[in-house]
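Overview (structure and organization)
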Amino acid sequence: MNGKYSNIKVSGIASAVPSYVMDNMDYIDVFGKRQVMKQAKLTGIYRHHLSYRYQKLSDLCVSAAEKLLEHLQWNREEVKVLILCTQFADYEIPSTAIDLAERLGMGKDCMAYDINLGCSAFDLGIQTIGGLLQSQPDGTKALLLTGDIAILPDSVTMKREDIINIMMFGSGGAATALEKQPENEFSFRNFSDGSGWDAIVRYRKTEMMMQGNKVFEFALNDVATNMSAFVRDLNIEENVDFYVLHQAQKLILDTVTDVCGLPEDKVITSFEEYGNTSSASIPITLCHNRDKYDGKENIQICSCGFGVGLSMGISYFQVPVENILPVIVTDEHFDEHRLHYGEIYTRNVLIMEPKTAIDKFIGRELDSSGCNLGFYGSHEIVEEMQSQLFWKDCELFVDKLDSVAESSSKKYDAVIFDMTIYDEEKVAESAQCLAEQGALSTNSSIVLVAEEEESDETLQSFMSSLSALLQGEYRVNAVVYKAESFDLFPKIFDSPEWLERKISLEDSSDMERPFFLAQAVEKLVSLKFLAVSSTIIHISDSIKEFL
(Lines give C-alpha, C1' and ligand atoms only; values in the text may rest on other atoms or scores of the structure.)
Protein backbone atom coordinates (compact mmCIF):
# COMPACT_ATOMS: atom_id res chain seq x y z
CA MET A 1 0.00 0.00 0.00
CA ASN A 2 1.21 3.50 -0.88
CA GLY A 3 0.01 6.71 0.72
CA LYS A 4 0.69 10.32 1.54
CA TYR A 5 -0.41 12.66 4.30
CA SER A 6 -0.07 16.39 3.80
CA ASN A 7 -0.42 17.22 7.46
CA ILE A 8 1.76 14.90 9.60
CA LYS A 9 4.84 16.34 11.27
CA VAL A 10 7.53 14.26 13.00
CA SER A 11 8.31 16.73 15.77
CA GLY A 12 11.09 14.96 17.64
CA ILE A 13 12.84 11.69 18.42
CA ALA A 14 14.53 10.33 21.56
CA SER A 15 15.98 6.92 22.37
CA ALA A 16 17.38 5.04 25.37
CA VAL A 17 19.64 2.04 25.93
CA PRO A 18 20.92 0.26 29.08
CA SER A 19 24.44 0.90 30.39
CA TYR A 20 25.84 -2.63 30.28
CA VAL A 21 27.82 -3.16 27.07
CA MET A 22 28.70 -6.64 25.88
CA ASP A 23 31.87 -6.27 23.79
CA ASN A 24 31.99 -9.19 21.39
CA MET A 25 35.76 -8.87 21.07
CA ASP A 26 36.08 -9.93 24.71
CA TYR A 27 35.15 -13.47 23.68
CA ILE A 28 37.93 -14.15 21.21
CA ASP A 29 39.64 -16.37 23.79
CA VAL A 30 36.36 -18.24 24.30
CA PHE A 31 35.11 -18.83 20.76
CA GLY A 32 38.36 -18.35 18.89
CA LYS A 33 39.58 -15.30 16.99
CA ARG A 34 38.59 -16.70 13.60
CA GLN A 35 34.96 -17.30 14.54
CA VAL A 36 34.47 -14.01 16.38
CA MET A 37 36.15 -11.92 13.68
CA LYS A 38 34.24 -13.71 10.93
CA GLN A 39 30.92 -12.91 12.61
CA ALA A 40 31.96 -9.31 13.26
CA LYS A 41 32.96 -8.86 9.62
CA LEU A 42 29.64 -10.23 8.35
CA THR A 43 27.35 -8.53 10.86
CA GLY A 44 29.39 -5.41 11.62
CA ILE A 45 28.30 -5.78 15.24
CA TYR A 46 31.10 -5.35 17.77
CA ARG A 47 29.15 -4.24 20.83
CA HIS A 48 25.58 -4.20 22.05
CA HIS A 49 23.76 -2.97 25.14
CA LEU A 50 21.95 -5.55 27.29
CA SER A 51 19.35 -4.98 29.98
CA TYR A 52 19.59 -6.37 33.45
CA ARG A 53 16.84 -8.73 34.51
CA TYR A 54 14.44 -6.18 36.02
CA GLN A 55 14.61 -3.54 33.30
CA LYS A 56 11.55 -3.79 31.09
CA LEU A 57 10.93 -2.43 27.60
CA SER A 58 8.56 0.12 29.09
CA ASP A 59 11.37 1.51 31.28
CA LEU A 60 13.50 2.36 28.25
CA CYS A 61 10.54 3.84 26.37
CA VAL A 62 9.50 5.96 29.34
CA SER A 63 13.06 7.29 29.77
CA ALA A 64 13.06 8.36 26.12
CA ALA A 65 9.52 9.77 26.25
CA GLU A 66 10.11 11.79 29.43
CA LYS A 67 13.21 13.42 27.98
CA LEU A 68 11.47 14.16 24.67
CA LEU A 69 8.31 15.58 26.24
CA GLU A 70 10.40 17.79 28.51
CA HIS A 71 12.48 18.99 25.56
CA LEU A 72 9.43 19.79 23.42
CA GLN A 73 7.64 21.33 26.44
CA TRP A 74 4.43 19.59 25.45
CA ASN A 75 1.33 19.71 27.59
CA ARG A 76 0.91 15.99 28.19
CA GLU A 77 -2.86 16.14 28.33
CA GLU A 78 -2.79 17.35 24.72
CA VAL A 79 -1.35 14.00 23.59
CA LYS A 80 -4.38 12.13 22.23
CA VAL A 81 -2.73 9.00 20.80
CA LEU A 82 -0.07 6.76 22.35
CA ILE A 83 0.90 3.56 20.55
CA LEU A 84 3.51 1.06 21.70
CA CYS A 85 4.96 -1.15 18.94
CA THR A 86 7.02 -4.02 20.33
CA GLN A 87 7.42 -7.79 20.49
CA PHE A 88 8.11 -7.73 24.24
CA ALA A 89 5.37 -5.73 25.94
CA ASP A 90 5.30 -5.86 29.74
CA TYR A 91 1.91 -7.56 29.74
CA GLU A 92 -0.13 -9.69 27.39
CA ILE A 93 -3.22 -8.20 29.06
CA PRO A 94 -3.79 -5.25 29.20
CA SER A 95 -1.97 -3.29 26.50
CA THR A 96 1.18 -1.92 28.11
CA ALA A 97 0.52 1.39 26.34
CA ILE A 98 -2.48 2.01 28.62
CA ASP A 99 -0.24 1.76 31.67
CA LEU A 100 2.36 4.01 30.02
CA ALA A 101 -0.21 6.68 29.18
CA GLU A 102 -0.96 6.92 32.89
CA ARG A 103 2.72 6.89 33.91
CA LEU A 104 3.51 9.64 31.39
CA GLY A 105 0.64 11.84 32.57
CA MET A 106 -1.60 11.67 29.51
CA GLY A 107 -5.29 12.52 29.84
CA LYS A 108 -7.97 9.86 30.05
CA ASP A 109 -9.09 10.71 26.51
CA CYS A 110 -5.74 9.54 25.13
CA MET A 111 -6.16 6.52 22.83
CA ALA A 112 -3.56 3.96 23.91
CA TYR A 113 -2.86 0.42 22.72
CA ASP A 114 -0.09 -1.98 21.71
CA ILE A 115 0.80 -3.27 18.27
CA ASN A 116 2.76 -6.53 18.03
CA LEU A 117 5.48 -5.63 15.53
CA GLY A 118 9.22 -6.12 15.36
CA CYS A 119 11.73 -4.57 13.01
CA SER A 120 9.11 -2.79 10.86
CA ALA A 121 7.49 -1.18 13.92
CA PHE A 122 8.84 2.37 13.56
CA ASP A 123 7.57 2.93 10.03
CA LEU A 124 4.28 1.08 10.40
CA GLY A 125 3.76 2.78 13.76
CA ILE A 126 4.08 6.34 12.48
CA GLN A 127 1.97 5.42 9.43
CA THR A 128 -0.78 4.13 11.74
CA ILE A 129 -0.68 7.24 13.91
CA GLY A 130 -0.80 9.42 10.79
CA GLY A 131 -4.05 7.74 9.78
CA LEU A 132 -5.58 8.15 13.24
CA LEU A 133 -4.74 11.87 13.32
CA GLN A 134 -6.61 12.56 10.08
CA SER A 135 -9.91 12.82 11.93
CA GLN A 136 -8.50 15.16 14.58
CA PRO A 137 -8.12 18.95 14.61
CA ASP A 138 -4.83 20.58 13.62
CA GLY A 139 -2.34 20.64 16.48
CA THR A 140 -3.36 17.23 17.87
CA LYS A 141 -0.32 15.49 19.33
CA ALA A 142 0.66 11.80 19.41
CA LEU A 143 3.47 9.66 20.73
CA LEU A 144 4.90 6.48 19.22
CA LEU A 145 6.93 4.22 21.51
CA THR A 146 9.02 1.46 19.94
CA GLY A 147 11.65 -0.94 21.18
CA ASP A 148 12.54 -4.41 22.34
CA ILE A 149 14.51 -5.87 25.19
CA ALA A 150 17.52 -8.17 25.13
CA ILE A 151 18.44 -9.35 28.60
CA LEU A 152 21.47 -11.16 29.90
CA PRO A 153 20.72 -14.78 28.95
CA ASP A 154 20.51 -17.34 31.75
CA SER A 155 19.03 -20.41 30.09
CA VAL A 156 20.67 -23.43 31.69
CA THR A 157 20.69 -25.40 28.45
CA MET A 158 22.00 -22.61 26.24
CA LYS A 159 24.69 -23.80 23.85
CA ARG A 160 27.77 -21.84 22.85
CA GLU A 161 26.36 -21.30 19.35
CA ASP A 162 23.19 -19.85 20.88
CA ILE A 163 25.27 -17.29 22.74
CA ILE A 164 27.06 -16.35 19.53
CA ASN A 165 23.67 -15.58 17.95
CA ILE A 166 22.66 -13.53 20.98
CA MET A 167 25.78 -11.43 20.48
CA MET A 168 23.91 -9.70 17.61
CA PHE A 169 21.00 -8.24 19.58
CA GLY A 170 20.70 -5.30 21.94
CA SER A 171 18.09 -3.55 24.07
CA GLY A 172 16.64 -0.21 23.08
CA GLY A 173 13.55 1.93 23.48
CA ALA A 174 12.48 5.07 21.64
CA ALA A 175 9.86 7.79 21.59
CA THR A 176 8.77 9.65 18.46
CA ALA A 177 6.56 12.73 18.73
CA LEU A 178 4.06 13.47 15.95
CA GLU A 179 1.60 16.28 15.32
CA LYS A 180 -1.14 17.01 12.87
CA GLN A 181 0.14 20.19 11.21
CA PRO A 182 -0.73 21.51 7.71
CA GLU A 183 1.99 21.72 5.07
CA ASN A 184 3.96 18.78 6.41
CA GLU A 185 4.18 16.00 3.85
CA PHE A 186 4.62 12.43 5.01
CA SER A 187 4.82 9.74 2.32
CA PHE A 188 4.79 6.01 2.99
CA ARG A 189 4.71 2.53 1.55
CA ASN A 190 4.19 -0.82 3.26
CA PHE A 191 4.30 -4.45 2.28
CA SER A 192 3.76 -7.82 3.96
CA ASP A 193 4.28 -11.40 2.86
CA GLY A 194 2.41 -13.82 5.11
CA SER A 195 3.91 -16.81 3.33
CA GLY A 196 7.03 -16.08 5.35
CA TRP A 197 5.27 -15.91 8.71
CA ASP A 198 7.53 -18.62 10.12
CA ALA A 199 10.82 -16.97 9.10
CA ILE A 200 10.95 -15.43 12.58
CA VAL A 201 8.55 -16.98 15.08
CA ARG A 202 8.21 -17.44 18.81
CA TYR A 203 5.42 -19.35 20.49
CA ARG A 204 4.40 -18.52 24.04
CA LYS A 205 7.05 -19.64 26.56
CA THR A 206 9.53 -20.70 23.87
CA GLU A 207 12.73 -19.31 22.44
CA MET A 208 12.61 -17.34 19.18
CA MET A 209 13.25 -19.40 16.04
CA MET A 210 14.66 -17.70 12.95
CA GLN A 211 15.40 -18.88 9.43
CA GLY A 212 18.11 -16.44 8.43
CA ASN A 213 18.04 -17.41 4.77
CA LYS A 214 14.36 -16.44 4.45
CA VAL A 215 14.98 -13.08 6.09
CA PHE A 216 17.96 -12.42 3.83
CA GLU A 217 15.98 -13.33 0.70
CA PHE A 218 13.16 -11.04 1.81
CA ALA A 219 15.59 -8.16 2.25
CA LEU A 220 17.39 -8.85 -1.01
CA ASN A 221 14.24 -9.18 -3.08
CA ASP A 222 11.13 -7.56 -1.59
CA VAL A 223 12.73 -4.87 0.56
CA ALA A 224 15.16 -3.76 -2.13
CA THR A 225 12.45 -3.80 -4.83
CA ASN A 226 10.01 -1.74 -2.77
CA MET A 227 12.68 0.69 -1.59
CA SER A 228 13.86 1.33 -5.16
CA ALA A 229 10.29 1.83 -6.39
CA PHE A 230 9.47 4.19 -3.50
CA VAL A 231 12.46 6.46 -4.16
CA ARG A 232 11.88 6.37 -7.92
CA ASP A 233 8.12 6.94 -7.86
CA LEU A 234 8.37 9.92 -5.51
CA ASN A 235 11.48 11.25 -7.25
CA ILE A 236 13.06 12.09 -3.89
CA GLU A 237 16.64 10.93 -4.44
CA GLU A 238 18.01 14.49 -4.63
CA ASN A 239 16.02 15.61 -1.59
CA VAL A 240 16.88 12.83 0.86
CA ASP A 241 19.51 13.86 3.40
CA PHE A 242 19.84 10.43 5.00
CA TYR A 243 18.56 6.90 4.51
CA VAL A 244 17.94 4.95 7.71
CA LEU A 245 17.39 1.22 7.34
CA HIS A 246 16.56 -1.21 10.12
CA GLN A 247 19.91 -2.19 11.62
CA ALA A 248 19.62 -5.93 11.01
CA GLN A 249 23.32 -6.44 10.32
CA LYS A 250 26.01 -5.12 7.99
CA LEU A 251 25.67 -7.78 5.28
CA ILE A 252 21.95 -7.13 4.82
CA LEU A 253 22.31 -3.34 4.90
CA ASP A 254 25.19 -3.37 2.44
CA THR A 255 23.23 -5.62 0.10
CA VAL A 256 20.06 -3.48 0.16
CA THR A 257 22.13 -0.30 -0.24
CA ASP A 258 23.95 -1.76 -3.22
CA VAL A 259 20.88 -3.24 -4.96
CA CYS A 260 18.91 -0.01 -4.50
CA GLY A 261 21.83 2.16 -5.59
CA LEU A 262 21.64 4.33 -2.47
CA PRO A 263 24.53 6.77 -1.93
CA GLU A 264 26.70 5.19 0.77
CA ASP A 265 27.50 8.55 2.36
CA LYS A 266 23.78 9.08 2.96
CA VAL A 267 23.15 5.70 4.64
CA ILE A 268 23.68 6.10 8.39
CA THR A 269 24.13 3.19 10.80
CA SER A 270 24.34 2.35 14.51
CA PHE A 271 24.69 -1.45 14.56
CA GLU A 272 28.43 -1.18 15.31
CA GLU A 273 27.63 0.15 18.80
CA TYR A 274 24.13 -1.10 19.59
CA GLY A 275 23.67 -4.22 17.47
CA ASN A 276 20.21 -5.12 16.19
CA THR A 277 17.77 -3.26 18.44
CA SER A 278 14.67 -4.39 16.56
CA SER A 279 11.88 -1.80 16.52
CA ALA A 280 14.08 0.85 18.17
CA SER A 281 16.88 0.61 15.61
CA ILE A 282 15.77 3.44 13.28
CA PRO A 283 15.25 6.11 15.98
CA ILE A 284 18.43 4.98 17.79
CA THR A 285 20.34 5.38 14.50
CA LEU A 286 18.96 8.89 14.02
CA CYS A 287 19.95 9.86 17.57
CA HIS A 288 23.36 8.17 17.34
CA ASN A 289 24.35 10.17 14.23
CA ARG A 290 23.50 13.68 15.46
CA ASP A 291 27.02 14.91 14.68
CA LYS A 292 26.30 14.45 10.96
CA TYR A 293 23.46 16.98 10.97
CA ASP A 294 25.54 20.10 11.77
CA GLY A 295 24.46 23.17 9.85
CA LYS A 296 21.00 21.80 9.04
CA GLU A 297 17.79 23.07 10.59
CA ASN A 298 15.76 20.13 9.33
CA ILE A 299 16.71 16.86 7.67
CA GLN A 300 14.76 14.84 5.11
CA ILE A 301 14.71 11.18 6.11
CA CYS A 302 13.82 8.07 4.14
CA SER A 303 13.48 5.19 6.59
CA CYS A 304 12.81 1.51 5.99
CA GLY A 305 11.99 -1.09 8.65
CA PHE A 306 11.69 -4.75 7.71
CA GLY A 307 11.64 -8.16 9.32
CA VAL A 308 9.31 -10.38 11.34
CA GLY A 309 6.07 -11.08 9.54
CA LEU A 310 7.49 -10.87 6.97
CA SER A 311 6.66 -7.18 6.85
CA MET A 312 8.16 -3.85 5.91
CA GLY A 313 7.39 -0.16 5.95
CA ILE A 314 9.03 2.80 4.20
CA SER A 315 8.57 6.44 5.21
CA TYR A 316 9.70 9.81 3.88
CA PHE A 317 9.49 12.72 6.31
CA GLN A 318 11.23 15.78 7.70
CA VAL A 319 12.35 16.23 11.32
CA PRO A 320 13.89 19.27 13.10
CA VAL A 321 17.54 18.58 13.97
CA GLU A 322 17.30 20.32 17.35
CA ASN A 323 14.61 17.82 18.37
CA ILE A 324 16.69 14.71 17.68
CA LEU A 325 18.12 14.04 21.13
CA PRO A 326 21.35 12.21 22.06
CA VAL A 327 20.98 8.52 22.99
CA ILE A 328 20.09 8.21 26.68
CA VAL A 329 21.90 5.58 28.78
CA THR A 330 19.86 4.34 31.74
CA ASP A 331 19.39 1.36 34.04
CA GLU A 332 16.25 2.71 35.69
CA HIS A 333 13.34 0.35 36.20
CA PHE A 334 9.84 1.16 37.41
CA ASP A 335 8.62 -1.36 39.97
CA GLU A 336 5.43 0.11 41.43
CA HIS A 337 3.25 -1.71 38.89
CA ARG A 338 5.23 -4.94 39.02
CA LEU A 339 3.28 -7.84 40.49
CA HIS A 340 4.38 -11.26 41.66
CA TYR A 341 3.83 -13.48 38.63
CA GLY A 342 4.92 -16.84 37.20
CA GLU A 343 4.13 -20.46 37.97
CA ILE A 344 4.58 -20.03 41.73
CA TYR A 345 3.53 -16.41 42.28
CA THR A 346 0.71 -17.55 44.60
CA ARG A 347 2.93 -19.82 46.70
CA ASN A 348 4.34 -18.89 50.09
CA VAL A 349 7.67 -20.59 50.86
CA LEU A 350 9.67 -20.45 54.10
CA ILE A 351 13.44 -21.12 53.83
CA MET A 352 15.03 -22.21 57.08
CA GLU A 353 18.43 -20.69 57.92
CA PRO A 354 19.78 -19.91 54.43
CA LYS A 355 23.44 -20.10 55.42
CA THR A 356 24.95 -22.03 52.52
CA ALA A 357 25.53 -20.97 48.92
CA ILE A 358 22.95 -23.59 47.84
CA ASP A 359 20.26 -22.13 50.12
CA LYS A 360 20.93 -18.58 48.93
CA PHE A 361 20.90 -19.70 45.32
CA ILE A 362 17.53 -21.44 45.76
CA GLY A 363 16.16 -18.34 47.46
CA ARG A 364 17.25 -16.07 44.59
CA GLU A 365 15.78 -18.42 41.97
CA LEU A 366 12.44 -18.65 43.81
CA ASP A 367 12.48 -14.86 44.07
CA SER A 368 13.03 -14.61 40.30
CA SER A 369 9.94 -16.77 39.78
CA GLY A 370 7.80 -14.35 41.78
CA CYS A 371 7.42 -16.60 44.82
CA ASN A 372 6.36 -15.06 48.15
CA LEU A 373 9.26 -15.84 50.46
CA GLY A 374 9.94 -15.96 54.16
CA PHE A 375 13.28 -16.56 55.88
CA TYR A 376 14.05 -17.90 59.34
CA GLY A 377 17.46 -17.41 60.96
CA SER A 378 19.69 -14.87 62.65
CA HIS A 379 19.48 -11.14 61.91
CA GLU A 380 22.65 -11.32 59.84
CA ILE A 381 21.47 -14.29 57.74
CA VAL A 382 17.97 -13.07 56.92
CA GLU A 383 19.00 -9.49 56.21
CA GLU A 384 21.78 -10.64 53.87
CA MET A 385 19.27 -12.83 52.04
CA GLN A 386 16.76 -10.01 51.73
CA SER A 387 19.44 -7.71 50.27
CA GLN A 388 19.96 -10.14 47.36
CA LEU A 389 16.29 -10.23 46.33
CA PHE A 390 14.10 -8.16 44.06
CA TRP A 391 10.96 -8.75 46.10
CA LYS A 392 11.83 -6.92 49.30
CA ASP A 393 8.39 -7.70 50.76
CA CYS A 394 9.63 -11.09 52.01
CA GLU A 395 8.98 -11.92 55.67
CA LEU A 396 11.91 -12.21 58.09
CA PHE A 397 11.70 -14.30 61.25
CA VAL A 398 14.58 -13.96 63.67
CA ASP A 399 15.59 -16.59 66.24
CA LYS A 400 12.14 -17.46 67.66
CA LEU A 401 10.55 -20.21 65.57
CA ASP A 402 7.49 -20.49 67.80
CA SER A 403 6.40 -16.96 66.84
CA VAL A 404 6.25 -17.48 63.05
CA ALA A 405 2.46 -17.90 62.89
CA GLU A 406 1.93 -14.93 65.20
CA SER A 407 4.26 -12.68 63.20
CA SER A 408 3.27 -13.83 59.69
CA SER A 409 0.50 -12.41 57.52
CA LYS A 410 0.21 -15.71 55.62
CA LYS A 411 0.36 -19.46 55.95
CA TYR A 412 3.28 -21.19 54.25
CA ASP A 413 2.74 -23.70 51.45
CA ALA A 414 6.25 -25.14 51.72
CA VAL A 415 9.20 -25.18 54.09
CA ILE A 416 12.75 -25.83 52.85
CA PHE A 417 15.37 -27.45 55.10
CA ASP A 418 19.04 -27.79 54.10
CA MET A 419 20.18 -31.16 55.50
CA THR A 420 23.79 -29.99 55.66
CA ILE A 421 22.64 -27.59 58.41
CA TYR A 422 19.74 -29.46 59.98
CA ASP A 423 20.01 -32.97 61.36
CA GLU A 424 16.94 -35.22 61.36
CA GLU A 425 16.02 -34.44 64.96
CA LYS A 426 16.14 -30.68 64.39
CA VAL A 427 14.09 -30.94 61.16
CA ALA A 428 11.42 -32.98 62.94
CA GLU A 429 11.33 -30.58 65.88
CA SER A 430 11.12 -27.48 63.68
CA ALA A 431 8.51 -28.91 61.27
CA GLN A 432 6.33 -30.03 64.18
CA CYS A 433 6.62 -26.60 65.81
CA LEU A 434 5.49 -24.86 62.62
CA ALA A 435 2.60 -27.28 62.19
CA GLU A 436 1.38 -26.98 65.79
CA GLN A 437 1.35 -23.18 65.75
CA GLY A 438 -0.67 -23.12 62.50
CA ALA A 439 2.06 -21.58 60.33
CA LEU A 440 1.51 -24.08 57.50
CA SER A 441 -1.32 -24.24 54.99
CA THR A 442 -3.22 -27.42 54.20
CA ASN A 443 -1.13 -29.98 52.29
CA SER A 444 2.11 -28.01 52.68
CA SER A 445 5.29 -29.61 51.37
CA ILE A 446 8.33 -30.13 53.58
CA VAL A 447 11.24 -30.04 51.11
CA LEU A 448 14.57 -31.51 52.19
CA VAL A 449 17.67 -30.46 50.22
CA ALA A 450 20.41 -33.02 50.85
CA GLU A 451 23.73 -34.24 49.56
CA GLU A 452 23.50 -37.58 47.78
CA GLU A 453 24.56 -40.75 49.59
CA GLU A 454 25.13 -44.26 48.30
CA SER A 455 21.58 -45.29 49.15
CA ASP A 456 18.25 -43.50 49.53
CA GLU A 457 17.12 -45.85 52.29
CA THR A 458 18.13 -43.65 55.24
CA LEU A 459 16.57 -40.54 53.74
CA GLN A 460 13.42 -42.39 52.69
CA SER A 461 13.07 -43.83 56.20
CA PHE A 462 13.37 -40.37 57.73
CA MET A 463 10.84 -38.93 55.28
CA SER A 464 8.34 -41.64 56.28
CA SER A 465 8.86 -41.04 59.98
CA LEU A 466 8.54 -37.27 59.53
CA SER A 467 5.28 -37.73 57.62
CA ALA A 468 3.97 -39.94 60.43
CA LEU A 469 5.03 -37.38 63.04
CA LEU A 470 3.07 -34.73 61.16
CA GLN A 471 0.11 -37.14 61.08
CA GLY A 472 0.15 -37.32 57.29
CA GLU A 473 -1.29 -33.81 56.93
CA TYR A 474 1.74 -32.51 55.09
CA ARG A 475 3.81 -33.85 52.22
CA VAL A 476 7.50 -34.66 52.59
CA ASN A 477 9.79 -34.57 49.53
CA ALA A 478 13.50 -34.24 48.87
CA VAL A 479 16.02 -33.08 46.27
CA VAL A 480 19.50 -34.58 46.44
CA TYR A 481 22.70 -33.62 44.66
CA LYS A 482 26.44 -34.32 44.58
CA ALA A 483 28.25 -31.32 46.01
CA GLU A 484 31.45 -32.04 44.10
CA SER A 485 29.64 -31.68 40.75
CA PHE A 486 28.28 -28.21 41.57
CA ASP A 487 29.99 -25.00 40.46
CA LEU A 488 28.04 -22.20 42.09
CA PHE A 489 28.64 -19.01 40.17
CA PRO A 490 25.14 -17.57 40.14
CA LYS A 491 23.82 -14.25 38.91
CA ILE A 492 23.53 -11.84 41.81
CA PHE A 493 22.33 -8.26 41.43
CA ASP A 494 21.92 -9.00 37.71
CA SER A 495 25.68 -9.21 37.24
CA PRO A 496 26.88 -10.50 33.84
CA GLU A 497 29.54 -12.59 35.60
CA TRP A 498 27.47 -15.78 35.37
CA LEU A 499 27.25 -15.56 31.58
CA GLU A 500 30.93 -14.70 31.22
CA ARG A 501 31.89 -17.60 33.46
CA LYS A 502 29.60 -20.01 31.61
CA ILE A 503 30.83 -19.32 28.12
CA SER A 504 34.46 -19.43 29.22
CA LEU A 505 34.12 -23.12 30.10
CA GLU A 506 34.36 -25.96 27.62
CA ASP A 507 31.95 -27.97 29.78
CA SER A 508 29.69 -25.77 31.89
CA SER A 509 27.41 -28.56 33.10
CA ASP A 510 28.71 -28.14 36.66
CA MET A 511 27.31 -24.60 36.56
CA GLU A 512 24.00 -25.83 35.17
CA ARG A 513 23.25 -28.41 37.88
CA PRO A 514 22.37 -25.77 40.53
CA PHE A 515 19.70 -24.38 38.19
CA PHE A 516 18.20 -27.84 37.76
CA LEU A 517 18.21 -28.24 41.54
CA ALA A 518 16.42 -24.90 42.02
CA GLN A 519 13.88 -25.82 39.33
CA ALA A 520 13.21 -29.15 41.06
CA VAL A 521 12.51 -27.28 44.30
CA GLU A 522 10.22 -24.89 42.40
CA LYS A 523 8.22 -27.83 41.07
CA LEU A 524 7.86 -29.40 44.51
CA VAL A 525 6.43 -26.18 45.98
CA SER A 526 4.18 -25.42 42.99
CA LEU A 527 0.49 -26.10 42.55
CA LYS A 528 1.29 -28.59 39.81
CA PHE A 529 2.90 -30.95 42.32
CA LEU A 530 0.22 -30.88 45.02
CA ALA A 531 -0.25 -34.64 44.66
CA VAL A 532 3.46 -35.44 44.98
CA SER A 533 4.68 -36.88 48.29
CA SER A 534 7.45 -39.14 49.61
CA THR A 535 9.47 -38.41 46.46
CA ILE A 536 13.24 -38.02 46.11
CA ILE A 537 14.48 -36.13 43.05
CA HIS A 538 18.10 -36.79 42.08
CA ILE A 539 20.03 -34.12 40.19
CA SER A 540 21.93 -36.17 37.64
CA ASP A 541 25.70 -36.27 37.75
CA SER A 542 25.75 -36.96 33.99
CA ILE A 543 24.10 -33.82 32.62
CA LYS A 544 26.72 -33.40 29.91
CA GLU A 545 25.48 -36.63 28.33
CA PHE A 546 22.21 -35.02 27.29
CA LEU A 547 22.94 -31.29 27.06
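Small disclaimer: the values here were computed from a predicted structure and weren't measured.

1. Some details on the pattern of salt bridges
This model, assessed by the stated rule, comprises 15 salt bridges. The partner of Lys56 in a salt bridge is Asp59, with the nearest N and O atoms 3.6 Å apart. According to the relative accessible area criterion, Lys56 is buried, its value standing at 17%. Residue class for Asp59 comes out buried when judged on its relative accessible area of 4%. Residue Lys426 is joined to Glu353 by a salt bridge in which the shortest nitrogen-to-oxygen separation is 3.3 Å. Residue Lys426 is found in helix 14 (residues 424–436), and its partner Glu353 is found in the loop between strand 16 (348–352) and helix 11 (357–368); the two are separated by 73 residues along the sequence.

2. Regarding unusual backbone geometry
In this model, Asn235 sits at a positive phi of 55 degrees, which is unusual for a non-glycine residue. Here Asn235 is to be found in the loop between helix 7 (212–234) and strand 12 (242–245).

3. Considerations on the sheet that holds strand 15 (residues 328–329)
With respect to topology, 6 strands assemble into an open sheet ordered 6-5-7-8-2-15, the strand pairing being mixed. The open sheet has two edge strands, strand 6 (111–116) and strand 15, and neither has a second partner. The pairing of strand 5 (residues 79–86) with strand 6 spans 6 bridges and is classified as parallel. By the bridge assignment, Cys85 is partnered in strand 6 with Ile115. Contacts from helix 3 (residues 57–72) reach strand 2 (8–17), strand 5, strand 7 (141–148), strand 8 (172–180) and strand 15, with the element oriented near 40 degrees to strand 8. Where helix 10 (residues 281–288) meets the sheet, it contacts strand 2, strand 7 and strand 8, and its direction lies at approximately 85 degrees from that of strand 2.

4. Structural notes on helix 3
The end-to-end C-alpha distance of helix 3, which contains 16 residues, comes to 23 Å, matching closely the 22 Å that a straight helix rising 1.5 Å per residue would cover. Within helix 3, 12 of the 16 residues are buried, which leaves it mostly tucked inside the rest of the structure. Taken together, the buried positions of helix 3 are occupied by Leu57, Ser58, Asp59, Leu60, Cys61, Val62, Ser63, Ala64, Ala65, Leu68, Leu69 and Leu72. Elements in contact with the buried residues of helix 3: strand 2, strand 5, helix 4 (96–103), strand 7, strand 8 and strand 15. One or two residues past the end of helix 3 sits Gln73, with phi positive at roughly 55 degrees.

Quick notes on the rules
- Residues numbered from 1 in each chain as written.
- Predicted model: local features only at pLDDT ≥ 70, side-chain atom pairs only at ≥ 80, totals over all residues.
- Heavy atoms only, no water.
- Salt bridge = Lys/Arg side-chain N within 4 Å of Asp/Glu carboxyl O.
- Buried < 20%, exposed > 50% of the residue type's maximum accessible area, 1.4 Å probe, protein only.
- Helix = DSSP H or I, 4+ residues; strand = E, 2+ residues; numbered from the N terminus.
- Pairing = 2+ DSSP bridges.
- Contact = heavy atoms within 4.5 Å.
- Axes fitted to C-alpha atoms, helices over the stretch in contact; angles between N-to-C directions.
- Expected span 1.5 Å × (residues − 1).

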